[in-house]
Amino acid sequence: MKAEGQFLVSNKADATGLSLRISTIEKWLPTLATLWFFVSLDSIVVWNPFSSVIHLFAAFSIIWGTMVVKPLDLSRKRRFLSLFILIYSLFYIVTQSENLGFFVKRLCVWFPFVFILFWEKDLLSKTYECLRKFILFFAIGAAIVSMLSFAGLIGRIPHFTLPPQEALHERLGYVYYVYGLFVTIQDPLQVTAFRACGMMKEPGHFAVILGFVYMIDRYQERRINWWIIICGVLTFSANFILFVLFTELRLAFQLRKVIKSTKWVPVIFLGAYLVYVSLPVSYQDQIYNLAYGRNLEKIIEATSESSSFDDALDERANNLPLMVYNRMSFSERILGIGRFDTAYCLSDYRGMIMTIGWVGLLLSVFITIIIIRGVRKDLALSLFMAYSLVLMHRSWMLFWPYVYFLSSLTISIIPSRQQLNIEPLQSYGG
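Given the structure is predicted, the values throughout are model-derived calculations rather than measurements.

Definitions and limits used
- Residues numbered from 1 in each chain as written.
- Predicted model: local features only at pLDDT ≥ 70, side-chain atom pairs only at ≥ 80, totals over all residues.
- Heavy atoms only, no water.
- Helix = DSSP H or I, 4+ residues; strand = E, 2+ residues; numbered from the N terminus.
- Buried < 20%, exposed > 50% of the residue type's maximum accessible area, 1.4 Å probe, protein only.
- Contact = heavy atoms within 4.5 Å.
- Areas by Shrake-Rupley, 256 points an atom, 1.4 Å probe, with all protein chains shown as cover.
- Pairing = 2+ DSSP bridges.
- Core = buried A, V, L, I, M, F, W, Y, C linked by side-chain atoms within 4.5 Å.
- Axes fitted to C-alpha atoms, helices over the stretch in contact; angles between N-to-C directions.
- Parallel < 35°, antiparallel > 145°, perpendicular 65-115°, else oblique.
- Left-handed = near helix turned anticlockwise from the far one by under 90°.
- Nonpolar A, V, L, I, M, F, W, Y, C, P; charged D, E, K, R; others polar.
- Salt bridge = Lys/Arg side-chain N within 4 Å of Asp/Glu carboxyl O.
- Phe/Tyr/Trp six-rings, centres within 6.5 Å; stacked < 30°, edge-to-face > 60°.
- Lys NZ or Arg CZ within 6 Å of the ring centre and 35° of its normal.

Participant: So what's going on with the overall build of the chain? Which residues, and what values?
Facilitator: What the chain contains, in helices and strands, is 20 helices and three strands. Counting every position in the chain, which comprises 430 residues, the buried fraction comes to 47%. Across the chain, the fraction of contacts at a sequence separation of at least 24, relative to all contacts at a separation of at least 6, is 71%. When the accessible surface of the chain is summed, it comes to about 21600 Å², and 66% of that surface belongs to carbon and sulfur atoms.

In structure tokens:
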């Protein structure tokens, strides 16, 4: 009896120890998922000689942690979504890989996402909280660096220089000045030096990430974080403004909030105008060029002169990839022609067709439809419009998992309309 009692005590102690280990692993998973997210962004985290080690560590820690932690959400939708993510990612990786290094790194970026898809809501919510803190950190730092640049004081801040991390920037003669962990692009004409990049290669890229954070925050009924707004504006990218508009479309479903929110719109516009006109003329010219003249002016002119949507997109495209795209055969458009010289830019949906064909494009669209299927209408609309913006403006971002991850994270942690006790528009008598 004594031996049997010792055996039971030993088993109980082992079970307790195992439970503690699993609890510790679960505690660290949100942090590890945040690391994986920044790796998948191809951010400053991996711009170093240890990039391969970081990729492998982030991937294996997520995969191993998911296999240990219980329970998981194995619902039909999650299994269906993971299957199409797997098909899409393998199709992209196999058709684009030119060497073993590219193949392994992209596997390390995509495969963890397949495992994260099965995490339960509580773990995903903790992941967003962790991820949000780091993005907010980069937003605050990037905004301060951007404002110091405008004020002409950035020269007093120590920095180090990094070479361009992509072929396009190398062709354009860009380098990166890094202030601590905050990246700024330095181009020969000093046009982009004032734009907030955060931890990214480009401010427009960072604007999309900030836009997703703004969207999730608002759907969670959080107070507006003004650092996200300030940094989003300082990216001087229309991406962030459009994300705000896509998000606030939800107010069309909530009459009382429409009335409450619209009263602040004139105040915000008036305040922004007064700040603008109070600046020196040289600063006004820089802001005008960054916010409008740099890209939007040509796009609007092209749109007004032509009825073709592609003509407007051509203003942001290079002639070489446009020529290649226009000469593609039918079979090439179905499956794509593989990797193209990334030193030349065709970033809209045609670039995606050129790379992975209509097959890849339709798989991407289908994944997004699966993600938003069955979701409350206002959130589904916001996410679909966000996806459409990326597809029409920066389709190469869809070759990485983070847009799909942020979309699936959004629908996983946002409460339903019933949980929020939000009455639809009709409840207020029209």
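Participant: Tell me about the pairing of strand β3 (residues 182–186), and please be specific about residues and values.
Facilitator: Taking burial as the measure, the five residues of β3 include five buried ones, the bulk of the element. Here β3 shows a buried face lined by Phe182, Thr184 and Gln186 and a second buried face lined by Val183 and Ile185. Bridge count for strand β2 (residues 175–179) against β3 is five bridges, and the pairing is antiparallel. If you follow valine 178 over to β3, its bridge partner there is valine 183. Between β2 and β3, which pair antiparallel and follow one another directly, the connecting turn spans two residues, one of which, glycine 180, has a positive phi of 75 degrees.

Participant: Provide a residue-level description of the nonpolar core, including the pertinent values.
Facilitator: In terms of nonpolar packing, the biggest core is built from 113 residues, with Phe37, Ile85, Tyr88, Met352, Leu398, Tyr404 and Phe405 touching the most fellow members. Top contributing element to this core by residue count: helix α5 (residues 121–150), with twelve residues. Non-local contacts of leucine 398, meaning those with residues more than four positions away in its chain, are made with Tyr88, Trp110, Met352, Ser364, Tyr387, Val390, Leu391, Val403 and Tyr404.

Participant: Can you explain the packing of α5 against helix α19 (residues 402–413)? Please cite residues and give values.
Facilitator: Helix-helix packing is described using two parameters, namely the angle between the two axes and the distance between the axes. Closest axis-to-axis distance for the α5/α19 pair is 9 Å, and the angle between their directions is 120 degrees. For the element pair α5 / α19, the angle class is oblique. Handedness of the crossing formed by α5 with α19: left-handed. Contacts from Lys121, Leu124, Ser125, Thr127, Tyr128 and Leu131 in α5 reach Phe405, Leu409, Ser412 and Ile413 in α19. Across the contact of α5 with α19, the residue classes tally to six nonpolar, three polar and one charged.

Participant: Before we move on, can you summarise the sheet that holds β3 with the specific residues and values?
Facilitator: The three strands lie next to each other as β1-β2-β3, forming an open sheet whose pairing is antiparallel. Only two strands of the sheet have a single partner each, and these edge strands are β1 (160–162) and β3. Here the average twist between neighbouring strands, direction ignored, is 35 degrees. Relative to β2, β1 runs antiparallel, the two being bridged by three bridges. Across the sheet, leucine 162 pairs through a bridge with tyrosine 176, a residue of β2. Together, β2 and β3 form the strand contacts of α5, whose direction differs from that of β3 by roughly 40 degrees.

Participant: Go over the packing of helix α17 (residues 349–372) against α19 with me, naming the residues and quoting the values.
Facilitator: Orientation of α17 relative to α19, taken along the N-to-C sense of each, is 5 degrees, at an axis distance of 11 Å. The angle between α17 and α19 places the two elements in the roughly parallel class. Every residue of α19 that contacts α17 at Met352, Ser364, Ile367, Thr368 and Ile371 is listed here: Tyr404, Ser407, Ser408 and Ile411.

Participant: Which residues make up the pattern of salt bridges, and what are the values?
Facilitator: Applying the stated criterion across every chain, the model contains eleven salt bridges. Of the charged contacts in the structure, one is a salt bridge between arginine 78 and aspartate 73, with a shortest N-O distance of 3.4 Å. By relative accessible area, arginine 78 is classed as buried at 13%. In this structure, arginine 222 and glutamate 129 form a salt bridge, with 2.2 Å as the shortest nitrogen-oxygen distance. Linking arginine 222 in the loop between α7 (203–219) and α8 (226–234) with glutamate 129 in helix α5, this pair joins segments that are 93 residues apart in sequence. A relative accessible area of 23% places arginine 222 in the partly exposed class.

Participant: Pulling in residues and values, what's your account of the packing of aromatic side chains?
Facilitator: The tally for this structure, following the rule as stated, stands at 22 aromatic pairs. Their ring planes at 70 degrees and their centres at 5.2 Å tell us that phenylalanine 137 and phenylalanine 138 sit as a pair that is edge-to-face. Owing to a relative accessible area of 6%, phenylalanine 138 belongs among the buried residues under this scheme. Chaining the aromatic ring pairs together yields one cluster made of Trp36, Phe37, Phe38, Phe113, Phe134, Phe137, Phe138, Phe182 and Phe405. We note arginine 106 situated over the ring of tryptophan 400; from NZ or CZ to the ring centre the distance is 3.7 Å. Positioned over the ring face of tyrosine 325 is arginine 333, at 4.4 Å from the centre of the ring.

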